[in-house]
Amino acid sequence: MEKALISAVIAAAAAICAAVVSWFGAFQSRRAADREHAWRRFVWSIGDQRSKAEYDISIAVLRELEHVAWWSKSDRGLATRALRRVTPPDERYDDREEHR
């Protein structure tokens, strides 16, 4: 009886450990996918734009990336610096006053 109980406890502990490791792996995978997506958006937004519409969209993308909560602080700072480089000072926060 004791051996069966000990075996059951060990099996339960192993199952809990496996569930935690699996959850952590899924969390890291999702985080990496989100960051990769944000990075692709960032790279596109600082690329050469050929039209005014593409320029406006890229500025909007940079403004949004400045405030993405799950992106790292250094990445948000990178978006802020890129936005400062591609926009004149009077256009930086024309429609985003709430984020000042």
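Before any of the text, the structure's been laid out above.
Computed from a prediction, not measured in an experiment: that's the story for all the values here.

**Remarks on the environment of Asp-48**
The topology assignment puts Asp-48 in the loop between helix 1 (2-46) and helix 2 (52-65). Residue classification places Asp-48 among the exposed positions, given a relative accessible area of 75%. For the pair Asp-48 and Ser-58, spaced ten residues apart in the sequence, the C-alpha separation amounts to 9.9 Å.

**Some thoughts on the pattern of salt bridges**
A complete count under the given rule lists three salt bridges for this structure. When the shortest N-O distance is used, the salt bridge between Glu-36 and Arg-40 registers 3.8 Å. Taken as a pair, Glu-36 and Arg-40 lie in helix 1 at a separation of four residues, close to a single helical turn. Owing to a relative accessible area of 47%, Glu-36 belongs among the partly exposed residues under this scheme.

**Regarding the nonpolar core**
Among the nonpolar cores identified, the biggest contains eleven residues, and these are Ala-38, Phe-42, Ile-59, Val-61, Leu-62, Leu-65, Val-68, Trp-71, Ala-79, Ala-82 and Leu-83. The set of elements that each furnish at least two residues to this core consists of helix 1, helix 2 and helix 3 (73-86). No other element matches the four residues that helix 2 contributes to this core. Not counting residues up to four positions away in its chain, the partners in contact with Ala-38 are Leu-65, Trp-70 and Trp-71.

**Describing the environment of Ala-82**
Position of Ala-82 among the secondary structure elements: in helix 3. Along the sequence, Ala-82 and Glu-66 sit 16 residues apart, while their C-alpha atoms lie 9.7 Å from each other. With sequence-adjacent residues up to four places away left out, Ala-82 is seen in contact with Phe-42, Ile-46 and Leu-62.

**What to know about helix 3**
Taking 1.5 Å of rise per residue, the 14 residues of helix 3 would be expected to cover 20 Å, and the 20 Å separating its terminal C-alpha atoms lies within 8% of that figure. Within helix 3, the full set of buried residues consists of Asp-75, Gly-77, Ala-79, Thr-80, Ala-82 and Leu-83. Contacts made by the buried residues of helix 3 are with helix 1 and helix 2.

Conventions we followed
Residues numbered from 1 in each chain as written. Predicted model: local features only at pLDDT ≥ 70, side-chain atom pairs only at ≥ 80, totals over all residues. Heavy atoms only, no water. Helix = DSSP H or I, 4+ residues; strand = E, 2+ residues; numbered from the N terminus. Buried < 20%, exposed > 50% of the residue type's maximum accessible area, 1.4 Å probe, protein only. Salt bridge = Lys/Arg side-chain N within 4 Å of Asp/Glu carboxyl O. Core = buried A, V, L, I, M, F, W, Y, C linked by side-chain atoms within 4.5 Å. Contact = heavy atoms within 4.5 Å. Expected span 1.5 Å × (residues − 1).

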